[in-house]
Protein chains: 2
Amino acid sequence: MATRGRPRTFDPDTALRQALDLFWERGYEGTSLNDLAQAMGIASASIYACFGSKEDLFRKVMALYGTTSGEPPRRALREQPTTRAAIHAMLRATADEITRPDTPHYCMLILAAPTGAVENHAVREFLADLRRDMHTTIKDRLARGITDGDLTAPPASLDAIARYYTTVVQGLSIQARDGADRAELEAVITCAMAAWDTLTSAPSHQVN
Amino acid sequence: MATRGRPRTFDPDTALRQALDLFWERGYEGTSLNDLAQAMGIASASIYACFGSKEDLFRKVMALYGTTSGEPPRRALREQPTTRAAIHAMLRATADEITRPDTPHYCMLILAAPTGAVENHAVREFLADLRRDMHTTIKDRLARGITDGDLTAPPASLDAIARYYTTVVQGLSIQARDGADRAELEAVITCAMAAWDTLTSAPSHQVN
DNA sequence: CCTTTTTGTTGTCGAACGACCAACAAATCG
DNA sequence: CGATTTGTTGGTCGTTCGACAACAAAAAGG
């Protein structure tokens with residue numbers, strides 16, 4: 001199957017990265033195909049040939065986003081030994097990502113298309129599904145903590161605790177969007193972790 | 001002063017309320033003037049004559065929003081006797097507002113225009129300013145708690161605590177947008193209030 | 001070497017929609 | 001009636017996404 005015919009003159013991965021940057025900056029509806037074609041250095045016809053529709057392109061962009069900016073928080077959840085450390089590191093990794101000097105100060109997943117025209121309903125629900133996955137991922141980590149033994153069955157339900165920290169993550173994105181710096185986010189995270197001991201009734205740890 | 005000329009055939013207040021409903025549902029950029037004219041029952045030229053530009057209309061809509069949906073949380077902050085009760089009641093009032101069956105399940109202030117095309121920068125910053133006011137309002141309430149005497153100078157700074165609860169409020173809006181119901185938001189609020197005693201080092205209260 | 005096949009590029013087109021406004025019709029006042 | 005204010009009609013002018021034709025370029029196969 002090889003490479004019959006004229007080879008591509010642009011790198012799809014690079015073009016996708018450039019599309020990501022633009023979508024990140026302006027959101028889904030705020031980005032036009034002309035903008036994209038210009039940023040990607042190719043004609044709009046080439047976009048359609050290589051990536052499909054605008055929505056298809058956006059979904060591929062979000063997949064790339066998930067494996068790049070989305071990875072550090074997920075890795076924190078995965079690799080930290082204790083559940084408490086995992087949640088704390090996840091929050092800090094999130095804060096790191098949304099205050100990087102070279103990218104917009106917010107999470108694309110949360111703010112690229114929270115609301116909009118009726119014809120883009122599918123895109124909004126696509127992102128909402130990804131956000132609901134955040135809650136599930138956090139909840140799974142809490143459940144692992146119980147099987148690991150470092151978390152005893154807490155008074156508050158796992159679902160509530162997971163939703164609480166998901167809420168904090170999403171709120172942090174708004175804070176960063178509105179200009180809060182890394183240190184201010186850190187202070188918020190410290191406050192959020194202050195609830196941990198009460199929620200899990202594990203008096204051994206102390207808030208620093 | 002006098003009603004010279006042809007009288008209006010529509011009620012500006014009613015029309016503004018209808019514009020609010022549409023902006024609430026679709027966000028700023030997702031709402032077109034044609035949509036607005038249809039929902040308000042008047043021609044787009046009448047909108048310009050009565051309200052000015054689309055942006056002017058939106059600002060007036062947000063003022064109405066602030067005095068209606070925005071009032072219960074603010075009143076909670078104002079009228080509750082203790083600082084803790086004020087914060088708690090403010091969170092619950094927020095949850096009430098963003099899960100009402102007859103309105104979209106999110107706060108307009110937060111999700112109507114978090115991101116978008118470059119030409120709407122002014123609208124985004126207008127909303128960002130209103131959001132930053134939330135932080136200030138909460139912080140002022142905490143400061144009042146200290147002068148009232150029901151709050152002793154806490155270990156965490158007032159600024160951090162205020163930003164923390166602002167973050168929770170804003171996160172709740174995303175949660176509601178993604179389908180969380182009133183009970184689930186209540187559980188999140190309970191978790192968020194679990195941090196209170198640690199943050200203020202006032203061991204008299206207990207999380208219920 | 002030439003044909004076939006595949007792909008990219010350029011340019012454009014089209015139907016729809018965006019915000020906005022000028023000109024005119026209508027209605028109520030003094 | 002004339003003055004004044006409002007509503008409506010219809011349009012401007014730019015942009016939107018999406019599609020297509022026509023052509024250029026490059027690789028594979030014979």
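Residues numbered from 1 in each chain as written. Chains lettered and ligands numbered in written order. Predicted model: local features only at pLDDT ≥ 70, side-chain atom pairs only at ≥ 80, totals over all residues. Heavy atoms only, no water.

Going by what an unreviewed UniProt entry lists, chain A is known as TetR family transcriptional regulator and is assigned to Planotetraspora kaengkrachanensis.

Q: Is there a simple way to explain the overall build of chain A in this structure?
A: Secondary structure assignment for chain A yields 11 helices and zero strands. Each helix and strand of chain A, placed in order from N terminus to C terminus, yields the pattern α-α-α-α-α-α-α-α-α-α-α. Oriented by its inertia axes, the alpha-carbon framework of chain A measures out at about 65 × 40 × 30 Å. Within chain A, the fraction of its 208 residues that count as buried is 53%. (Helix = DSSP H or I, 4+ residues; strand = E, 2+ residues; numbered from the N terminus. Buried < 20%, exposed > 50% of the residue type's maximum accessible area, 1.4 Å probe, protein only.)

Q: Before we go on, may I ask you to explain the pattern of salt bridges in this structure?
A: Two side chains of opposite charge can pair, provided their charged atoms sit close to one another. Going through the model one piece at a time under the given rule, you end up with 41 salt bridges over all chains. Two residues, Glu55(A) and Arg59(A), come together in a salt bridge whose shortest N-O distance is 2.9 Å. Of this pair, Glu55(A) and Arg59(A) both sit in helix α4 (residues 54-67), four residues apart, roughly one helical turn. Between Arg132(B) and Asp129(B) there is a salt bridge, with the nearest N and O atoms lying 3.0 Å from each other. (Salt bridge = Lys/Arg side-chain N within 4 Å of Asp/Glu carboxyl O.)

Q: Quick question: what am I supposed to make of the protein's contact with DNA strand C here?
A: Neighbouring DNA strand C are 23 residues, the closest being Arg8(A), Ser46(A), Ser32(B), Leu33(B) and Tyr48(B). Each atom of DNA strand C within 4 Å of the protein belongs either to a base or to sugar and phosphate, the latter forming 71%. Note that a phosphate oxygen of DNA strand C is positioned 2.8 Å from one of the side-chain N or O atoms of Ser46(A). It is helix α3 (residues 44-51) of chain B that provides the largest number of residues to the surface near DNA strand C, a total of three residues. Here the residues of the surface near DNA strand C are counted per class, giving seven nonpolar, 10 polar and six charged. (Near = heavy atom within 4 Å. Polar contact = N/O pair within 3.5 Å; in protein donor to acceptor, adjacent residues only side chain to side chain. Nonpolar A, V, L, I, M, F, W, Y, C, P; charged D, E, K, R; others polar.)

Q: Before we go on, may I ask you to explain the relation of the copies chain A and chain B in this structure?
A: Copies of the same chain, two in number, are related to each other by a rotation about an axis and a translation along it. Between chain A and chain B, which share one sequence, the superposing operator has a rotation angle of 180° and an axial displacement of 0.0 Å; the RMSD is 0.1 Å. Such values leave the two copies arranged in the relation of a two-fold axis. In this assembly, 100% of the residues forming the interface of chain A have copies in chain B that are likewise at the interface, indicating an isologous arrangement. (Least-squares fit on C-alpha atoms with pLDDT ≥ 70 in both. Contact = heavy atoms within 4.5 Å.)

Q: Teacher, can you tell me more about the UniProt feature "DNA-binding region" (unreviewed entry) in chain A here?
A: The UniProt feature table records "DNA-binding region" (unreviewed entry) at residues 32-51 of chain A. End C-alpha to end C-alpha, residues 32-51 of chain A measures 15 Å, and it is 80% helix and 0% strand. (UniProt positions renumbered as here; feature names shortened; annotations may be inferred.)

Q: I would appreciate a short explanation of the side chain of Thr94(B) in the present structure.
A: Residue and element names in this part refer to chain B. Take Thr94: it is sitting in helix α6 (residues 83-97). For Thr94, a relative accessible area of 10% puts it in the buried group. Setting aside anything within four residues of it in sequence, one finds Thr94 in contact with Pro73 and Val169.

Q: What's the story with helix α10 (residues 182-193) of chain A in this structure? I'm lost.
A: Residues three or four positions apart in an α-helix share a direction because the helix packs 3.6 residues into each turn. With 12 residues, α10(A) extends 16 Å between its outermost C-alpha atoms, agreeing within 8% with the 16 Å of an ideal straight helix rising 1.5 Å per residue. Looking only at α10(A), the buried set comprises Leu185(A), Glu186(A), Val188(A), Ile189(A), Cys191(A), Ala192(A) and Met193(A). Against the buried residues of α10(A) lie α6 (83-97), α9 (158-177) and α11 (196-200) of chain A together with α9 (158-177) and α11 (196-200) of chain B. The N-cap of α10(A), judged by a side-chain oxygen 3.1 Å from the amide nitrogen of Ala183(A) a few residues on, is Asp181(A). (Expected span 1.5 Å × (residues − 1).)

Q: How do you make sense of the UniProt feature "domain: HTH tetR-type" (unreviewed entry) in chain A when you look at a structure like this?
A: UniProt marks residues 9-69 of chain A with the feature "domain: HTH tetR-type" (unreviewed entry), using the numbering shown here. A distance of 27 Å separates the end C-alpha atoms of residues 9-69 of chain A, which is 74% helix and 0% strand.

Q: Which parts of the structure should I look at to understand the nonpolar core?
A: One broad rule of soluble globular proteins: the nonpolar side chains tend to lie buried together. Ranked by internal contacts, the top residues of the largest apolar core, which has 138 residues, are Tyr164(A) and Tyr164(B). Ignoring sequence-local partners within four residues, the contact set of Tyr164(B) consists of Tyr164(A), Val188(A), Cys191(A), Ala192(A), Ala192(B), Ala195(B) and Leu199(B). (Core = buried A, V, L, I, M, F, W, Y, C linked by side-chain atoms within 4.5 Å.)

Q: Please explain the protein's contact with DNA strand D as it appears in this structure.
A: Around DNA strand D, the structure places 22 residues, and the nearest of them are Ser32(A), Leu33(A), Tyr48(A), Arg6(B) and Phe10(B). Within 4 Å of the protein, the atoms of DNA strand D are drawn from sugar and phosphate moieties in a proportion of 73%. Between Asn34(A) and DNA strand D, the recorded distance is 3.4 Å, taken from a side-chain N or O atom to a phosphate oxygen. Looking at the surface near DNA strand D, the elements with two or more residues in it are α2 (33-40) and α3 (44-51) of chain A together with α3 of chain B.

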